[in-house]
Structures are given as structure tokens and as C-alpha cells.
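Coordinate inspection notes
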Number of protein chains: 2
Amino acid sequence: MAAMGTRERIIDAAEQSIHEHGIAGATTKRIAQRAGCSEALLYKHFSSKETLFLAVLLERMPALAPALALLRDRAGQGDVAADLTAFAVTAVDFYTSVAPVASGMMADPSLMAGFRAMLAERRSGPHLPVLALAELLRDEQRAGRIDAGLDAVAAASMLLGACFHRASMSSFVDLPGETGEWAETLVATLLRR
Amino acid sequence: MAAMGTRERIIDAAEQSIHEHGIAGATTKRIAQRAGCSEALLYKHFSSKETLFLAVLLERMPALAPALALLRDRAGQGDVAADLTAFAVTAVDFYTSVAPVASGMMADPSLMAGFRAMLAERRSGPHLPVLALAELLRDEQRAGRIDAGLDAVAAASMLLGACFHRASMSSFVDLPGETGEWAETLVATLLRR
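Calculation notes
- Residues numbered from 1 in each chain as written.
- Chains lettered and ligands numbered in written order.
- Predicted model: local features only at pLDDT ≥ 70, side-chain atom pairs only at ≥ 80, totals over all residues.
- Heavy atoms only, no water.
- Domains from an automatic or database assignment.
- Helix = DSSP H or I, 4+ residues; strand = E, 2+ residues; numbered from the N terminus.
- UniProt positions renumbered as here; feature names shortened; annotations may be inferred.
- Contact = heavy atoms within 4.5 Å.
- Salt bridge = Lys/Arg side-chain N within 4 Å of Asp/Glu carboxyl O.
- Buried < 20%, exposed > 50% of the residue type's maximum accessible area, 1.4 Å probe, protein only.
- Buried area = accessible area lost by both parts, 1.4 Å probe.
- Polar contact = N/O pair within 3.5 Å; in protein donor to acceptor, adjacent residues only side chain to side chain.
- Nonpolar A, V, L, I, M, F, W, Y, C, P; charged D, E, K, R; others polar.

Comments concerning the domain arrangement of chain A
All names here are of chain A.
- For chain A, the assigned domains read domain 1 (1-60) and domain 2 (63-193).
- The C-alpha-based centres of domain 1 and domain 2 are spaced at 28 Å.
- Contributions of two or more residues to the side of domain 1 that touches domain 2 are made by α1 (2-25) and α4 (49-60).
- With seven residues, α4 is the single largest residue contributor to the side of domain 1 that touches domain 2.

Structural notes on the UniProt feature "DNA-binding region" (unreviewed entry) in chain A
- As recorded in UniProt, the feature "DNA-binding region" (unreviewed entry) lies at residues 27-46 of chain A.
- The distance separating the terminal C-alpha atoms of residues 27-46 of chain A is 13 Å; by composition the span is 75% helix and 0% strand.

Things to note about the environment of Gly 22 of chain A
- Relative to the helices and strands, Gly 22 of chain A resides in helix α1.
- Separated by 167 residues in the primary sequence, Gly 22 of chain A and Thr 189 of chain A place their C-alpha atoms 37 Å from one another.
- Contact partners of Gly 22 of chain A, with chain neighbours within four places excluded, come to Ser 17 of chain A together with Ala 107 and Pro 109 of chain B.

Quick look at the pattern of salt bridges
Residues and elements named next belong to chain A.
- If you walk through the whole model with that rule in mind, you get 18 salt bridges over all chains.
- The salt bridge partner of Arg 34 is Glu 20, with a shortest N-O separation of 2.8 Å. Placement of the pair is Arg 34 in helix α2 (residues 28-35) and Glu 20 in helix α1, with a sequence separation of 14 residues.
- A relative accessible area of 36% means that Arg 34 is categorised as partly exposed.
- Note that Asp 83 is salt-bridged to Arg 74, the shortest N-O span being 2.8 Å.
- Owing to a relative accessible area of 14%, Asp 83 belongs among the buried residues under this scheme.
- Via salt bridges that share partners, Glu 135, Arg 138, Asp 139 and Arg 142 belong to a single interconnected network.

Observations regarding the interface of chain B and chain A
- Opposite the 51 residues of chain B that make contact, chain A presents 50 residues.
- For the chain B and chain A pair, buried surface summed over both sides reaches about 4000 Å², with 70% attributable to carbon and sulfur atoms.
- When the area that chain B buries against chain A is broken down by residue, the three leading residues are Met 158, Phe 172 and Arg 192 of chain B, summing to 20%.
- Across the chain B-chain A interface, the total number found is four salt bridges.
- In this structure, Asp 174 of chain B engages Arg 116 of chain A in a salt bridge whose closest nitrogen and oxygen atoms are separated by 2.4 Å.
- Here chain B is connected to chain A by 11 residue pairs in polar contact (both at pLDDT 80 or more).
- Of all the secondary-structure elements, those providing two or more residues to the side of chain B that touches chain A are α1 (2-25), α6 (80-107), α7 (109-122), α9 (152-172) and α10 (179-191) of chain B.
- The dominant element in the side of chain B that touches chain A, judged by the number of residues it contributes, is α9 of chain B, at 13 residues.
- A class-by-class count of the residues in the side of chain B that touches chain A yields 28 nonpolar, 17 polar and six charged.

Structure follows, in C-alpha cells:
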């Protein structure tokens, strides 16, 4: 249990350091200090900065997985447009919260190389939610609730892509309009027959 | 002309430094050294690191503006789906090339604050291509070449959003499929009646 506590403290410290200083400023020295442990102990829990940042992404961010699970639970019942709209709003929130970490990775060529290799090995990556959403859209098509003529992968790529883009753009500019209404229009545009 | 030469050399040096070291490692000291000038001279041409990086974004990246102008020239004639597909492929290339700079900005909270203020003052930002594309789609709707029932802003948000997302995801994983075919499916999905 004591070991669990340290691991959690290190992840917390990493998350806070990234938000304050950006990923470049979130050094293992600074993270260890903040977590109240030595750098040696940090490296006992996380073999590299990449594995630590992956843990931050997977364990501290409001993941898309629960939102996808919710959609799956409601497949074939209720209001599919309303459910997809709520999912899109969650996706914008998710991408907004991961942006500081993800952009920090992208901005650091050496960190990115390690992260890319790790994702390939785990067969993980940011494309998986797109495929999961496409699968859900196909289920709704089979149930006759979405036009069978819609290309599910293309629709999922565009809906999640727009959410990701909106989250990124909002770092640069104040976007007009409310995210919920924006998402509603997107979903209506995709589902129109 | 000599002054012009220095300015261009500094922008080149900044671009190369960002690609090699990431934005955090692209210090003005390193950029000035690479450009063969003093940091004082660099600051004579660019009042801040933000203005220098904005110049890199605006003057060195394959901008979306010419691709939008091409679409505008061809409005009302030719194959609208093929033209939008070609535009989407250019957009993926554009977002791929700006990713190192844009993500570097997003990853650096203090740099981002300055950049955000500068964009607001210039009324510029990454949302402008979305609005320009929407305007073009509306022109095609008026010409009867695209379903008038399509929401132009939603369609533009989804097409460019998917392109931006694809460019970002390709930093993390090898995406299956060829970008041209991928774009063709997206455009067909948007334009289906």
C-alpha cells in the first residue's frame, strides 16, 4: 500500500508539473521533489519519462472509454442523436485536458520517438476511439437507427476529428458558440438522411 | 536587401531549430548562432520569440490559403468532390508540417499566452480556414452543386477537423490507408444526398 501511495503521488506531481511548466519544464527532478521522493525512487516506479507521461494520460485524464461504454450501453434505444451529441461534448473535454501532455510529446522529438515505439508495442494509440465509435455507429445502422448508407469510419473520423480540432483551436483563440449546440449541429449534419 | 537577407536567414534557422530540437530547444541563442547573427540583431527583426515563431508558421509552412484560393477559382465548375478531396489532402499535409510549431506553442504555457494575445489582436487564428471553407461550400450550395440541406459550417468543421486529427495522430502511430482514398470517403460521406 505504501508503494501504491508513492506511485500515485508521482503521477499527481507529474500532472501538476506539466500544467505549470509544460512538458519540457516537467523534469523528473522537479516531479520527484514535488512528490517528496528521490529521482531514484521515481525511476523505480517508472522506467522512463515516457512511461510516466503515459500513466498520466491513461490514469488522470477523463478517458473516452467510459463515454464510449455509455454509448454502447444505450445502443438501439433512446435518442441516438442526443447520445452522440453528449459523447462529442465529452470528447472535446477529453481532448482539451490531454492537449498539454499530447502537445508536449509532439513538441519533443526524442520523447515522441520513445512514446511512438511504446504505443506500437502495446498496439495502442489515438486512433482507437475512432474505430470504437465507428463500430458503435455500425451497430446503430444494423438496428436501423442510422442511415445504412453512411460510411461509419468516415463519420467517426469527422466527428472525433472536429472535437479534437475544436479542443486544439480553443488553446489559440476564444471560439464563438457553446460546445453543446455546436456538437448538436455536427451530429444532425452527419445523421441527416 | 541585406536586412531582408538576415530576416529570412533567421526564419530559416528558427524552422530548422524547431525541427531538430523541438520548440523548447529552439532558443533564440541557438537560432541566432545558426543564422550567423547576434541575439541582439535577431531581436531587432523580431520583437519576441512569439513573433518569430508566427513568421515561421505564416511564411514557411505550405499555407492553406492557396489551396482555398484554388477551390474558390474552381467554384461552380469541374468536379466539386474531387476538388474537395484534393483540398483535404493538402490540409493534412499543412497540419502535419505545422504540428511541430503549433504543438510546441501549446506545450509552453508562457509562450502560448503571448501567442494567444497576438492572434486576438490581429483577429487571426486556426478557425479562419474553417470559416473560409464553409463560405465556399455555401457558394457551391447556391450554385446547386451541393445539397442545400447541408450545414456548411458543420461540414467544414468536420472535414478540416478530421484532417487536423489525422495529421496529429500520424505523429503517434502509423495510420493504415492512403490519405487520398481516406479523404475521398470523407467527402463522399459529407456530400451524399
